[in-house]
Amino acid sequence: ANFEIDTEQKFTLTLNPNPAGYGNVYDDTGLSPYTVGTDVNIRAVAETGYKFNGWSSDKGGVFGDSSQAETTYTMTAEDTILTANFEIDSGQTFALTVTAGSNGSLADNYDGNYEVETEIQITAVPDTGYKFLNWTGDTGYIDSTTNATTTVTMPAQAVTLQANFEIDTEQKFTLTLNPNPAGYGNVFDDTGSSPYNAETVVNIRAVAETGYKFNGW
């Protein structure tokens, strides 16, 4: 009994990257569906920060070399899904730069080079009288722009972030005026609204007693 390929029967070849987003896959022959035994040219291209880690098939079959990103696959007698597997490329790192604006600081130095998908927790610390406002810069890679402590998930590119601060209007501080020596003069808070927020401009005045003169604050 003799047999031959049935050229009227064709089967679909589907290519998928795994995980999605780590790379792209291409059927360079580009004629799916295929008859049994067709050698199909396939290609996997990793995204920046990732690398190719082999082909696999849900129906078995024969690869030219499953360890090569660009290879062939011999079509089986059924619809087949080929998966190009990718992984993080530990040999590639990307720079993270985190700075603090005026009136605050950072809890640590977070600057450095990190692999893709590394998670780095960063914290901004306001000065007394101020509060954290927000993070600006490459904020698409952090959990929250409004929390002083947030997490950066490193992408396949450099990331720059800045912590910003503003006056905390709920924090007020007492301003006390004293003459020195006592009895040589008098001092006045002409604004007269103590306690004050940070950076409030207060009008103050010193008046010397007769026989004395003012000599600076």
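Everything below is about the structure printed above this text.
This text gives an overview of the structure that appears in the document.

Conventions and cut-offs
- By convention here, each chain's residues receive numbers from 1 onward along its written sequence.
- For this predicted model, a pLDDT threshold of at least 70 governs which residues receive local features, and a threshold of 80 or more governs which side-chain atom pairs are given and counted, while totals over whole chains, interfaces and linings are taken from all residues.
- The side-chain values count all of the structure's non-hydrogen atoms but skip hydrogen atoms and water molecules.
- In this description a helix means any DSSP run of H or I spanning at least four residues, a strand means any run of E spanning at least two, and both kinds are numbered starting from the N terminus.
- Radius of gyration: over C-alpha atoms. The globule rule applied is 2.2 Å multiplied by the number of residues raised to the 0.38 power.
- Think of it in three bands: residues with accessible area under 20% of the maximum for their type are buried, residues over 50% are exposed, and the middle band is partly exposed, with areas taken using a 1.4 Å probe on protein chains only.
- What makes two residues a contact is simply this: any of their non-hydrogen atoms within 4.5 Å.
- By convention in these notes, a salt bridge is any Lys or Arg side-chain nitrogen within 4 Å of a carboxyl oxygen on Asp or Glu.
- We define the nonpolar core as a collection of buried residues of types Ala, Val, Leu, Ile, Met, Phe, Trp, Tyr and Cys that are connected through side-chain atoms lying within 4.5 Å of one another.
- Exposure above 30% relative accessible area and the lack of any salt bridge qualify a residue for a patch; like charges then connect within 9 Å, and the nonpolar side chains Val, Leu, Ile, Met, Phe, Trp and Tyr within 5 Å.
- In this description, accessible areas are obtained by the Shrake-Rupley approach with a 1.4 Å probe, and a residue is regarded as covered only by the protein chains that are shown.
- Every definition here rests on a 1 Å grid over the protein atoms only: cavities are sets of points where a 1.4 Å probe fits but cannot get out, pockets are open sets enclosed by protein on both sides within 12 Å along at least five of seven lines, and lining residues have some atom within 4 Å of a point.
- Grid points are joined across faces, edges and corners, and a volume is the space filled by probe spheres set on the points.
- Throughout, the ten residues Ala, Val, Leu, Ile, Met, Phe, Trp, Tyr, Cys and Pro are labelled nonpolar, Asp, Glu, Lys and Arg are labelled charged, and all others, Gly among them, are labelled polar.
- Whenever a nitrogen or oxygen atom comes within 3.5 Å of another N or O atom, the pair is scored as a polar contact, on the condition that within protein one atom can donate a hydrogen and the other can accept it, and that pairs from neighbouring residues in sequence are kept only if both atoms are in side chains.
- For Phe, Tyr and Trp, where Trp contributes only its six-membered ring, two rings pair if their centres lie within 6.5 Å, and the inter-plane angle classes them as stacked under 30 degrees, edge-to-face over 60, or tilted in between.
- A ring is considered to have a charge above it if a Lys NZ or an Arg CZ atom is located within 6 Å of its centre and within 35 degrees of its normal.

Of the regular secondary structure elements, the protein chain holds zero helices and 16 strands. Taking 17 Å as the expected radius of gyration for a compact globule of 217 residues, we find that the protein chain reaches 34 Å, considerably beyond that expectation. The 217 residues of the protein chain split such that 28% are buried. When contacts within the protein chain are restricted to residue pairs at least 6 apart in sequence, those whose partners lie at least 24 apart make up 57%.

Of note, Asn180 is situated in the loop between β14 (159-167) and β15 (185-189). For Asn180 and Ala20, which are 160 residues apart along the polypeptide, the C-alpha to C-alpha distance reads 74 Å.

The final tally for this structure, using the stated rule, is five salt bridges. Between Lys59 and Asp58 there is a salt bridge; the shortest N-O distance is 3.0 Å. We classify Asp58 as partly exposed; its relative accessible area is 41%. As a salt-bridge pair, Arg205 and Asp190 come within 2.9 Å of each other at their nearest N and O atoms. With Arg205 in strand β16 (residues 204-208) and Asp190 in the loop between β15 and β16, the pair connects residues that are 15 residues apart, well separated along the chain.

Among the nonpolar cores identified, the biggest contains 35 residues, and Trp55 and Trp135 are the most heavily contacted of them. Going through the elements one at a time, β1 (13-18), β3 (39-46), β4 (50-57), β7 (80-88), β8 (94-100), β11 (119-126), β12 (130-137) and β14 are the ones with two or more residues in this core. For this core, the element with the most residues is β14, which contributes four residues.

A word on a nonpolar patch on the surface. Together, Leu175, Ile204, Phe214 and Trp217 make up an exposed nonpolar region whose accessible area comes to about 410 Å². If you trace the backbone, Phe214 turns up in the segment after β16.

With that settled, the discussion passes to unusual backbone geometry. In the segment running from Asn18 into Pro19, the intervening peptide bond is cis, with an omega of -5 degrees. Cis geometry marks the peptide bond from Asn180 to Pro181, where omega comes out at -5 degrees. Positionally, Pro181 belongs in the loop between β14 and β15. Although it is not a glycine, Asn103 sits at a positive phi angle of roughly 75 degrees. Within the secondary structure, Asn103 sits in the loop between β8 and β9 (104-106). For Asn103, a relative accessible area of 26% puts it in the partly exposed group.

Looking now at the layout of surface pockets. When its volume is computed, the largest pocket comes out at roughly 300 Å³. Contributions of two or more residues to the lining of the largest pocket are made by β15 and β16. By residue class, the composition of the lining of the largest pocket is ten nonpolar, six polar and one charged.

With that settled, the discussion passes to the side chain of Thr150. Looking at the secondary structure, you find Thr150 in strand β13 (residues 149-153). There is a polar contact of 3.0 Å between the side chain of Thr150 and the backbone nitrogen of Ser144. Residues within four places of Thr150 in sequence aside, it is in contact with Ile120, Gln121, Ile122, Trp135, Ile142, Asp143 and Ser144.

Turning to its location among the elements, Asp6 is positioned in the segment before β1. Taking C-alpha positions, Asp6 is 54 Å from Tyr114, a pair spaced 108 residues apart along the chain.

This next bit is on the packing of aromatic side chains. With the rule as written, the count across this model stands at eight aromatic pairs. When the ring of Phe52 is compared with that of Phe86, the centres are 6.1 Å apart and the planes differ by 75 degrees; the resulting orientation is edge-to-face. Of the two residues, Phe52 sits in strand β4 while Phe86 sits in strand β7, which places them 34 residues apart along the sequence. For the pair Phe52 and Phe86, a shared accessibility class is recorded, and that class is buried. A cation over a ring is seen here: Arg205 above Phe188, with NZ or CZ 4.5 Å from the ring centre.

From the geometry alone we can't say anything about function, so treat these as descriptive.
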